[in-house]
Amino acid sequence: MTNRPGNMTAIGQHCWLLESRGGNTTDYVVMAHSAQITGKTFTVPQRVAIHYGVYGGSALTMMDGPVRFFSDSIANNQRHVTETRHSEYLASDLALGKVLGSHWQTGTTTASEDYWALSRQMGNDPAWAPNLVLVRNRNRMIGSEIYLSYLIDQIMRARPADSYAFHIWGCRGIEAEARWKLGSQRFQTQA
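Small disclaimer: the values here were computed from a predicted structure and weren't measured. (Residues numbered from 1 in each chain as written. Predicted model: local features only at pLDDT ≥ 70, side-chain atom pairs only at ≥ 80, totals over all residues. Heavy atoms only, no water.)

1. As for the overall build of the protein chain
Moving on, step 1. Of regular secondary structure, the protein chain possesses four helices and eleven strands.
Moving on, step 2. For the protein chain, with 191 residues in total, the buried portion stands at 49%.
Moving on, step 3. Within the protein chain, contacts between residues at least 6 apart in sequence are counted, and of these 84% link residues at least 24 apart. (Helix = DSSP H or I, 4+ residues; strand = E, 2+ residues; numbered from the N terminus. Buried < 20%, exposed > 50% of the residue type's maximum accessible area, 1.4 Å probe, protein only. Contact = heavy atoms within 4.5 Å.)

2. So, the side chain of Arg159
Moving on, step 1. Inspection of the secondary structure puts Arg159 in the loop between helix H3 (148-158) and strand E10 (164-169).
Moving on, step 2. Reaching out from Arg159, the side chain makes a polar contact with the side chain of Tyr28 at a distance of 3.0 Å.
Moving on, step 3. Not counting residues within four places of it along the chain, the set of residues in contact with Arg159 comprises Leu17, Glu19, Thr25, Tyr28, Asn131 and Tyr164. (Polar contact = N/O pair within 3.5 Å; in protein donor to acceptor, adjacent residues only side chain to side chain.)

3. Concerning the sheet that holds strand E9 (residues 146-147)
Moving on, step 1. If you walk across this open sheet you meet the four strands as E9-E7-E4-E11, and the pairing is mixed. Each end of this open sheet is capped by a strand with a single partner; those strands are E9 and strand E11 (174-175).
Moving on, step 2. Both strand E4 (residues 33-43) and E11 contribute to a ladder of two bridges, which runs parallel. In the strand pairing of E11, Ile37 is matched with Glu175. (Pairing = 2+ DSSP bridges.)

4. Re the confidence of the model for the protein chain
Moving on, step 1. Confidence in the prediction for the protein chain averages 76 pLDDT; 66% of positions are at 70 or higher.
Moving on, step 2. At the level of individual helices and strands, the protein chain shows its lowest average pLDDT in helix H4 (residues 185-188), which scores 38, and its highest in H3, which scores 95.
Moving on, step 3. Note that pLDDT drops below 50 for residues 184-191; the model gives that stretch twelve contacts with residues more than four away or on any other chain. (pLDDT = per-residue confidence, 0-100.)

5. What about the packing of aromatic side chains?
Moving on, step 1. For the structure shown, the criterion picks out three aromatic pairs.
Moving on, step 2. Between Tyr28 and Phe166, the aromatic rings sit 5.4 Å apart at their centres with planes inclined by 20°, giving stacked as the arrangement. Remark: Phe166 occurs in strand E10 and Tyr28 occurs in strand E3 (residues 27-31); sequence separation between them is 138 residues. In terms of burial, Tyr28 and Phe166 fall into one category: buried.
Moving on, step 3. Ring-pair connections join several aromatic residues into one group, and the members of that group are Tyr28, Tyr164 and Phe166.
Moving on, step 4. The side chain of Arg172 reaches across the aromatic face of Tyr52, ending 3.7 Å from its centre. (Phe/Tyr/Trp six-rings, centres within 6.5 Å; stacked < 30°, edge-to-face > 60°. Lys NZ or Arg CZ within 6 Å of the ring centre and 35° of its normal.)

What follows is the structure, encoded as structure tokens:
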């Protein structure tokens, strides 16, 4: 994407990071189409807390789309934490896919417009101003979705810190891996 907000940077080949305008923070909201993949787990890395927005097996409903959901959540200081996994505990390795684009609206909103709208929301609330991580490159013909463990690894490599809090705003319904186009795990774990 050539026309992107100034606070938006690529993290690896699969994620966009919209940096908080509220100052240095190690809170990351991850917004994605997502699902728990049967049998896929990982150990939460040291110094990491994962806060899920819904219970395992549940859907996260964003009736008005992700831009409005993010805006309302930040304005009301709603972190949507239903369950937390801390360092060294086992967690479900969610499949994550791109959440932005025209499929939320009547076909007039592009992903680029959504990125700009989200960028304008960053850091508007002094109580909580997290970074926002979005999966990019929706392409249903190739491995376009990624694992949560991979996303966390990429953020930790790109933005070293003493601790991290990841807020996962996406579904946690349980699905078979074959339903998702995850690409090879080997490819995802390469630096």
